[in-house]
Amino acid sequence: MQSYPAYVINRILTAVLSVFGAMLVIVILISLVPGDPATVLLGPLATPEYAQHFIAEMGLDQPVHVRLWRLAAGFAQGRLGTDVISGQSVNTIVAAALPHTFALAFAAMALACLVGIPAGVWSAVRKGSAGDTAIAMVSVVFVSVPSFILGIVLLVVFSIWLDWLPVLGLSPSASLRDAAIRMILPTVALALGWIGLIARLVRTSMLETLGQNYIRTARAYGLREGLVHYRYALKNAVIPTLAIIGMGFGRLLGGAVLIEIIFARQGLGSILYDALQARNFSVLQGTVFVVVVIFIAVNLLTELSYALFDPRIKFSRR
Amino acid sequence: MPHTTPCSRRAILAGLAGLGAATVLPVGRAGAQAGRTLTVRIAREVQSLDPPFMTGTTDSNIIRAVFQRLLAQKPGTYDYELDAAEAVDQVTPLQIDFKLRPGLMFTDGYGEVTAADVKFSFERFARPNAEGKMSSYAADWAALVEVQVKDTHSGSIILSKPSPSLFEVVLAGTSGVIQSQKAVEALGVEHAFRPVGSGPYRVAAVEPHRSVTLVRNPGFTAYTPDFETCQLLYIANPKTAELALRSGEIDFTELAVDAAAGLDGVDGITVTKRPGQRFIWLGMNMQKAPLDNLAVRQAIRAALDVDQMILAGYQGNAPRLNTMIPPHLLGHWADAPVYQRDTARARELLAGAGVSLPLTLKLTILNEPAFQNMALVAQALLQEVGVTVEIDQREAGTFWSSGKGESGQALELFILRFNANPDPSYNARWFLPQQIGDWNWQRFDSPEFARIQAESGMNSDRASRVEQIIELQKLMDASASMVWLTNDVFALGYRAGIAPAFLPDGNNWQFSHFKAV
């Protein structure tokens, strides 16, 4: 049996390898993207000499292995590159955008947990009721409809018809209250799919847990149903859901990218969108790398914490 | 008795609920303007506000508001008037003298605008910057030998050859702006986002991927712009921009033409549709069989119905175009043939060309709804005469590289759009033989066209220049490699109380001339 420290080292090494693999994929994919960045970025008036200089500046005139080496060396030193158009460091661009994307992703996940977990528990304890069926139907709708469609629907309903909330997710003022208000719709749009998913997962786990002997024992002792559900059953039932949430954080970031565009929010999404549209590869590869690292890091943390929290996973004490 | 604040779980939850409720409370229209603020949507990020290195209309719209030129375009026209200069005289075809108004000041304490700054600004286009970057607009000043400085306010622009379009296209355009030499040298790369000008506005803030804020320049005294502040918000998605206009969060935006119909009649919103000055056409690669056969090209032109195509593409909002130079621009060929669909003629031409039917051709287009609709109509129309069309739609990055190098040789049919310039010789340059493999996607290889285009670019006699430009369009027509479709249309939406100002192409905005009505 593997010890916990050995397990941790093993997972970290896998994560590092994944990062290198991701870098290779980034470089290969960028070399496969059709379209000439000099044409797109410089327009029709650029001289062929300058276009060539520009391509060289991006490093696109180099073979894949040279580009990969340069990229790895830069990333290892914490340098994500330089935007060849604006001359700005990609680190600065990403650092300015990252807090906005994180705020949106965490707010959406928090909302999804706050609503999805109680909804799942409620559904499980009222299995087969009209409420359970209604939650199931709504959950399926939330899970199946893409977040950007939900975003547009929310905008039309809450910003245009009801005129309650602003359309734009970016705040022209420095007011924290205004910024918070402008977070509501993007957060809800991003969270709805997760609310549905979490509700379904928690319901399934809860049904399994509620059939366990220790729950029967707790009821036999005369404990209140609420106590049985939330203190004893949910504690175990939620563990698989936590794993899914961790693994799904990357998907959440992907959703945040689209939501940022729909709600005109500053963030990694708008940077990626612009960079891809403009074939600004220096910004694109630096930003994608950051997203990949976040994704791998969150997965790593989830795996490590899952191993700690789930009492069924045993490690040797060597 | 000690007074304690309860800090139970119940209290915390109640507090959180209260905070949540507070944030969900209706806030009404978020765009309520404090003072006179103009809030405009920009669809593209600012790339560089350093004029020689700007990359698109977002940049150029800001540059026009921040810098002065010797001459400036009047709102809504390509006519120009004196701006920073109190006199500009064409002394000979190769010399233009200018005298600056005294006392014009750059912002941020960079001193008075001088003839030395004019020299620095114009000559900068021909020189690489500190990073070895060359201006993409160097061709605008290709005829410039030097700017001679006579005194603080006077100088002469010396040219190597006559440049009839220099006044309206270069001096009054963004290649004619006057930068502060001191500021450019002191700020370096930073100048691209902190431009120092002497125009009606100054850039107060640039927040990447978010917004640009322009505030009135108190040192600019020629006139006072109506809006104290212009806030330019970056909104990539056109649907979001449309909803933001409806909700009052922005005052002005360009709209998708199909969205414009939905906004017509909405209370408090004005929608304007303006014919553009771009040219859009269906092109054919003259060097790729069977399109290297004139009769095949003529047959395709005869089989197409331009009116039906643009009706499908623009829902009746865009005018038909029959030649390259749009109406109202110098050199428009008013008598250009208006081709009508003639399937019998098309079949006859195809039979005479000796090609075996059905022909299969690929039509490459940009993945925009107007192009998709026009391509579908063209596909149906050509099918009737035995030409099967496969539509290859590409996103912008890929599409705009389609005519380059080897991929350009493989092109067959395509629908293409170019921005027009007030200078007809400039518009014709994309069809020169040296542009084959670059922007001449038809691979239209005419030495005669090249000769006349070069002559027209130096011809100061307006009447004979018009004749030359018309001759160029006749040569294009004779090649049958271009089926002209439309000038495009621009739909603009704005809140009541705003009177926008733009150049005739509708795509270049003049923030300093926007009016609060």
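Residues numbered from 1 in each chain as written. Chains lettered and ligands numbered in written order. Predicted model: local features only at pLDDT ≥ 70, side-chain atom pairs only at ≥ 80, totals over all residues. Heavy atoms only, no water.

With that out of the way, let us pick up the overall build of chain A. Helix and strand content of chain A: 13 helices and zero strands. Long-range pairs, those at least 24 residues apart, make up 73% of the contacts in chain A between residues at least 6 apart in sequence. Summed over all atoms, the accessible surface of chain A reaches about 15,000 Å², with 69% contributed by carbon and sulfur. (Helix = DSSP H or I, 4+ residues; strand = E, 2+ residues; numbered from the N terminus. Contact = heavy atoms within 4.5 Å. Areas by Shrake-Rupley, 256 points an atom, 1.4 Å probe, with all protein chains shown as cover.)

Let us now look at the nonpolar core. In terms of nonpolar packing, the biggest core is built from 98 residues, with Leu168 and Met206 of chain A together with Ile250 of chain B touching the most fellow members. Summarising the domain contributions, this core has at least three residues from each of domain 1 (4–76) and domain 2 (96–277) of chain A. Filtering out sequence-adjacent residues up to four positions away, leucine 168 of chain A remains in contact with Arg182, Phe263 and Ala264 of chain A together with Leu233, Ile235, Thr240, Ala244, Glu249 and Ile250 of chain B. Counting residues in each nonpolar core, the second largest holds 75 residues, with Ala346, Leu349, Phe418 and Ala420 of chain B among its members. (Core = buried A, V, L, I, M, F, W, Y, C linked by side-chain atoms within 4.5 Å. Buried < 20%, exposed > 50% of the residue type's maximum accessible area, 1.4 Å probe, protein only. Domains from an automatic or database assignment.)

A few words on the domain arrangement of chain A. Each domain of chain A was delimited in the assignment, giving domain 1 (4–76) and domain 2 (96–277). Each of domain 1 of chain A and domain 2 of chain A has a C-alpha centre, and these two points are 34 Å apart.

The next subject is helix 11 (residues 249–262) of chain A. The α-helix winds at 3.6 residues per turn, so residues separated by three or four positions along the chain end up facing the same way. Residue and element names in this part refer to chain A. Spanning 14 residues, helix 11 covers 20 Å between terminal C-alpha atoms, matching the ideal 20 Å at 1.5 Å per step. Summarising burial for helix 11: 10 of the 14 residues are buried, a large majority. Listed in full, the buried residues belonging to helix 11 are Phe249, Gly250, Leu252, Leu253, Gly255, Ala256, Ile259, Glu260, Ile261 and Ile262. (Expected span 1.5 Å × (residues − 1).)

Take the domain arrangement of chain B next. Residues and elements named next belong to chain B. With domains assigned, chain B is organised as domain 1 (6–12 + 28–236 + 492–516) and domain 2 (279–487). Measuring from the centre of the C-alpha atoms in domain 1 to the corresponding centre in domain 2 gives 35 Å. Listed by partner, the interface residues are eight residues for domain 1 and 11 residues for domain 2. Where domain 1 abuts domain 2, roughly 820 Å² becomes buried across the two surfaces, and 62% of that area is made up of carbon and sulfur atoms. The largest share of the area that domain 1 buries against domain 2 comes from Tyr78, Pro164 and Val169, three residues that together contribute 47% of it. (Buried area = accessible area lost by both parts, 1.4 Å probe.)

Residues and elements named next belong to chain B. In this structure, serine 425 sits in helix 14 (residues 424–428). Judged by its relative accessible area of 4%, serine 425 falls in the buried class. Here arginine 465 takes part through its side chain, which lies 2.8 Å from a polar atom of the side chain of serine 425. Excluding anything up to four places from it in sequence, serine 425 contacts Gln453, Ser456, Gly457, Arg465 and Ile469. (Polar contact = N/O pair within 3.5 Å; in protein donor to acceptor, adjacent residues only side chain to side chain.)

Moving on to the packing of helix 5 (residues 90–125) of chain A against helix 11 of chain A. Residues and elements named next belong to chain A. Interaxial distance between helix 5 and helix 11 falls to 10 Å at its minimum, and their mutual angle equals 115°. For helix 5 against helix 11, the interelement crossing comes out right-handed. Taken together, the residues of helix 11 that come into contact with helix 5 (itself represented by Thr101, Phe102, Leu104, Ala105, Phe106 and Met109) are Phe249, Leu252, Leu253, Ala256, Ile259 and Glu260. When its residues are assigned to classes, the contact of helix 5 with helix 11 shows 10 nonpolar, one polar and one charged. (Axes fitted to C-alpha atoms, helices over the stretch in contact; angles between N-to-C directions. Left-handed = near helix turned anticlockwise from the far one by under 90°. Nonpolar A, V, L, I, M, F, W, Y, C, P; charged D, E, K, R; others polar.)

Time to look at the environment of threonine 213 of chain B. All names here are of chain B. Among the structural elements, threonine 213 can be located in strand 9 (residues 211–216). Taking the C-alpha atoms as reference points, threonine 213 and asparagine 427, 214 residues apart in sequence, are found 34 Å from one another. The residues contacting threonine 213, other than those within four sequence positions of it, are Arg202, Val203, Ala204, Ala205, Thr229, Cys230 and Gln231.

Before going further, it helps to spend a moment on the sheet that holds strand 7 (residues 154–159) of chain B. Residue and element names in this part refer to chain B. A sheet is described by the order of its strands in space; here four strands give the open sequence 4-5-7-6, paired in antiparallel fashion. With one partner strand each, in any of the chains shown, strand 4 (85–92) and strand 6 (144–149) form the two edges of the open sheet. Going from strand to strand, the sheet's axes swing by 20° on average, the running direction of each strand aside. Across the face of the sheet, helix 3 (residues 115–123) comes into contact with strand 5 (95–100), strand 6 and strand 7 while running at roughly 165° to strand 6. (Pairing = 2+ DSSP bridges.)

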